[in-house]
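Reading the structure
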Amino acid sequence: MKKIALLLMGCGGVGRQLLHHIIACRPLHSKMGVRLRVVGVCDSKSMVAAPDASTAELDDELLLQVCKVKSSGSSLQTLSNFGECNVFSIQETAREVTDIATLLGTSTGVALVDCSASSETIGVLSQAVDLGCCVVLANKKSLTSSLEYYDKLVSQPRRIRYESTVGAGLPVIASINRMLSSGDPIYRIVGSLSGTLGYVMSEVEGGKPFSQVVNAAKSLGYTEPDPRDDLSGTDVARKALILARLLGHRINLDTIKIESLYPVEMGPDVMPVEDFLVNGLPLLDKDIQNRINKASLNGKVLRYVCLIEDSRCEVGIQELPRDSALGRLRGSDNVLEIYSCCYKTQPLVIQGAGAGNDTTAAGVLADILDIQDLFS
Ligand SMILES: NC(=O)c1ccc[n+]([C@@H]2O[C@H](COP(=O)([O-])OP(=O)(O)OC[C@H]3O[C@@H](n4cnc5c(N)ncnc54)[C@H](OP(=O)(O)O)[C@@H]3O)[C@@H](O)[C@H]2O)c1
Ligand SMILES: *[C@@H]1O[C@H](CO)[C@@H](O)[C@H](O)[C@H]1NC(C)=O
């Protein structure tokens, strides 16, 4: 039986779902001849780890207790029945992670799985790559930091997977990698990579006011608690940067042109969120409606997309043909159109749910199994 050691960083919605998936998939994995061994789990303040990462692991009962403690909003430090395992404080965690990475990196192998939403993991991830570890990411931060970190992380392409950073469980990165490695040059990617903005842009098309649609999206739970986190476009820009860098663009987040759907004078530092929802948003209705009407005269619709073409990488509203995969988009799906030599007139289209704890965790788990050959 092949054993895959895992160290999980981040135990929020996605991290916990991953642990549940791992446990639920045990019978399937044993049929495949693999066993996933969780040797440590971290949150923002602490870590629970097996006493000896080479031989011991957190058993399923403990993993379920970890999930329970974390979903009640408590710290891992409140764990009670951790048996032989150790619970470390924030001061000790970084060293403990390094110790595990050093111990297992070049022996049995270990994958550091980043399901945090923090940029604090960048240092330890890049160090782990040097120590021969594998890296699996749902968190976009490390890949969208400086080019120096990016180059380091992808320097061992067989040891890194990051499918869930773009389109959650959708096979976006894998499909692009297959095209690139078959020598099929990709010259254009257009993608609606935010479920929230996909929903908003398709709903306003029917004449509903922008303000009403954003408020509806918020009640449906599609938006962040402050919808401006979605409307600013920065999350889409991070995804665009990951795709652009994959295509070989040597660019940074601050060189991407990002269109925000609210003006600076309605920003989070200036206006409380309630004020924005009630008084700010309605002031934006007319402009969006005018743009929709103008696009519609040419048979086009508005979509909030990332556009990567030649040396361009932009994020914002584009007029797109009504009769295209993106033009037909309704609801909160993600949709990507990929144009290459092989897919020239009709693009390769990837569509489906692009968020959710479940699909994201499934993408992470598939990434882990994809690198199983590197473990002994
Ligand atoms: N949810 C989705 O649909 C989706 C889709 C695609 C990608 N993603 C990405 O997946 C990641 C996780 O998302 P989520 O929704 O699960 O986030 P979340 O619920 O906010 O969970 C984040 C977790 O990371 C932990 N954390 C924070 N700083 C840390 C650090 N320095 N080291 C280790 N752990 C740290 C937090 O600890 P505490 O519990 O102590 O706060 C928390 O457990 C994010 O990067 C997100 O962008 C999510
Ligand atoms: C993901 O998990 C978080 C934390 O458990 C929860 O608040 C959120 O509703 C979940 N999201 C979805 C779409 O299930």
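Residues numbered from 1 in each chain as written. Chains lettered and ligands numbered in written order. Predicted model: local features only at pLDDT ≥ 70, side-chain atom pairs only at ≥ 80, totals over all residues. Heavy atoms only, no water.

As recorded in an unreviewed UniProt entry, the protein goes by the name Homoserine dehydrogenase, listed as coming from Olea europaea subsp. europaea. According to UniProt, the comment filed for the protein under the heading Cofactor (unreviewed entry) is "a metal cation". (UniProt positions renumbered as here; feature names shortened; annotations may be inferred.)

**Topic: the side chain of Ser116**
Along the chain, Ser116 falls in the loop between strand S5 (110-114) and helix H5 (122-130). Ser116 gets classed as buried once you look at its relative accessible area, which sits at 17%. In this structure the side chain of Ser116 is engaged in a polar contact, spanning 2.8 Å, whose partner is the side chain of Asp114. Only 3.2 Å separates the side chain of Ser116 from the side chain of Asn139, close enough to count as a polar contact. For Ser116, the residues in contact, after removing those within four places along its chain, are Met9, Gly10, Thr121 and Asn139. (Helix = DSSP H or I, 4+ residues; strand = E, 2+ residues; numbered from the N terminus. Buried < 20%, exposed > 50% of the residue type's maximum accessible area, 1.4 Å probe, protein only. Polar contact = N/O pair within 3.5 Å; in protein donor to acceptor, adjacent residues only side chain to side chain. Contact = heavy atoms within 4.5 Å.)

**Re the site of ligand 1**
Val14, Ser44, Lys70, Ser116 and Gly356 are the nearest of the 22 residues found near ligand 1. One of the backbone N or O atoms of Gly10 is found 3.5 Å from a nitrogen atom in ligand 1. Here an oxygen atom of ligand 1 sits 3.2 Å away from a polar atom, N or O, in the main chain of Gly12. Coverage of ligand 1 by the protein amounts to 73% of the 910 Å² it exposes when considered alone. At the level of secondary structure, the elements contributing two or more residues to the shell around ligand 1 comprise helix H1 (13-24) and helix H14 (357-370). (Near = heavy atom within 4 Å. Areas by Shrake-Rupley, 256 points an atom, 1.4 Å probe, with all protein chains shown as cover.)

**Considerations on the packing of H1 against H14**
Packing of H1 against H14 brings their axes to within 8 Å, and their N-to-C directions diverge by 60 degrees. Looking at the two axes, H1 sits oblique to H14. The element H1 and its partner H14 pack so that their crossing is right-handed. Contact residues: H1 offers Gly13, Val14, Gln17, Leu18, His21 and Ile22, while H14 offers Asn357, Asp358, Thr360, Ala361, Ala362, Val364, Leu365 and Ile368. (Axes fitted to C-alpha atoms, helices over the stretch in contact; angles between N-to-C directions. Parallel < 35°, antiparallel > 145°, perpendicular 65-115°, else oblique. Left-handed = near helix turned anticlockwise from the far one by under 90°.)

**Quick notes on the sheet that holds strand S6 (residues 134-137)**
Spatially, S4-S3-S2-S1-S5-S6-S7 is the arrangement adopted by the seven strands of the open sheet, whose pairing is mixed. Taken across any chain shown, the strands that pair with only one partner, and hence form the sheet edges, are strand S4 (86-89) and strand S7 (160-161). Where S5 and S6 come together, four bridges link them in parallel fashion. In the sheet register, Ala111 faces S6, and the bridge partner there is Cys134. Relative to strand S2 (residues 34-42), H14 is tilted by about 120 degrees, and along the sheet it contacts strand S1 (2-9), S2, S5, S6 and S7. (Pairing = 2+ DSSP bridges.)

**Here's the deal with the pairing of strand S8 (residues 186-192)**
In terms of burial, S8 is largely enclosed, as six of its seven residues are buried. Relative to strand S10 (residues 300-309), S8 is paired through four bridges, and the arrangement is antiparallel. Bridge pairing in S10 links Ile189 to Ile308.

**Remarks on the pattern of salt bridges**
Pairing of side chains with opposite charge becomes possible as their charged atoms draw close. Under the definition given, this model contains 21 salt bridges. A salt bridge links Lys70 to Asp43; its shortest N-O distance comes to 2.8 Å. You can see Lys70 sitting in helix H3 (residues 60-71) and its partner Asp43 sitting in the loop between S2 and strand S3 (46-49), a full 27 residues away along the chain. We note a salt bridge from Glu205 to Arg330, for which the minimum N-O separation is 3.5 Å. A residue pair is termed long-range when its members are at least 10 positions apart, and Glu205 in the loop between helix H8 (195-204) and helix H9 (210-219) and Arg330 in the loop between strand S11 (312-321) and strand S12 (333-340) qualify at 125 residues. Taken together, the shared-partner salt bridges in this structure form one network comprising Arg188, Lys257, Glu309, Arg312 and Glu314. (Salt bridge = Lys/Arg side-chain N within 4 Å of Asp/Glu carboxyl O.)

**Overview of unusual backbone geometry**
A negative phi angle characterises most non-glycine residues, just as the trans form characterises most peptide bonds. Of note in the backbone geometry, Ala168 takes a positive phi value of approximately 50 degrees without being a glycine. Phi is positive for Asp310, close to 50 degrees, though the residue is something other than glycine. Secondary-structure assignment places Asp310 in the loop between S10 and S11.

**Overview of the site of ligand 2**
The local shell around ligand 2 consists of Gly13, Arg16 and Asn357. The contact in question runs from an oxygen atom of ligand 2 to an N or O atom on the side chain of Arg16, over 2.7 Å. Residue Asn357 places a side-chain N or O atom 2.2 Å away from an oxygen atom belonging to ligand 2. In the complex, the protein chains occlude 30% of the 360 Å² of accessible area that ligand 2 would expose alone.

**So, the environment of Pro321**
In this fold, Pro321 is placed in strand S11. In the structure, Pro321 is positioned 26 residues away from Ala295 in sequence and 9.2 Å away in space, judged by C-alpha atoms.

**Regarding the UniProt feature "domain: Homoserine dehydrogenase catalytic" (unreviewed entry) in the protein**
Look at the UniProt record and you will see "domain: Homoserine dehydrogenase catalytic" (unreviewed entry) annotated at residues 171-369. Taken end to end, residues 171-369 comprises 41% helix and 22% strand; its first and last C-alpha atoms sit 14 Å apart.

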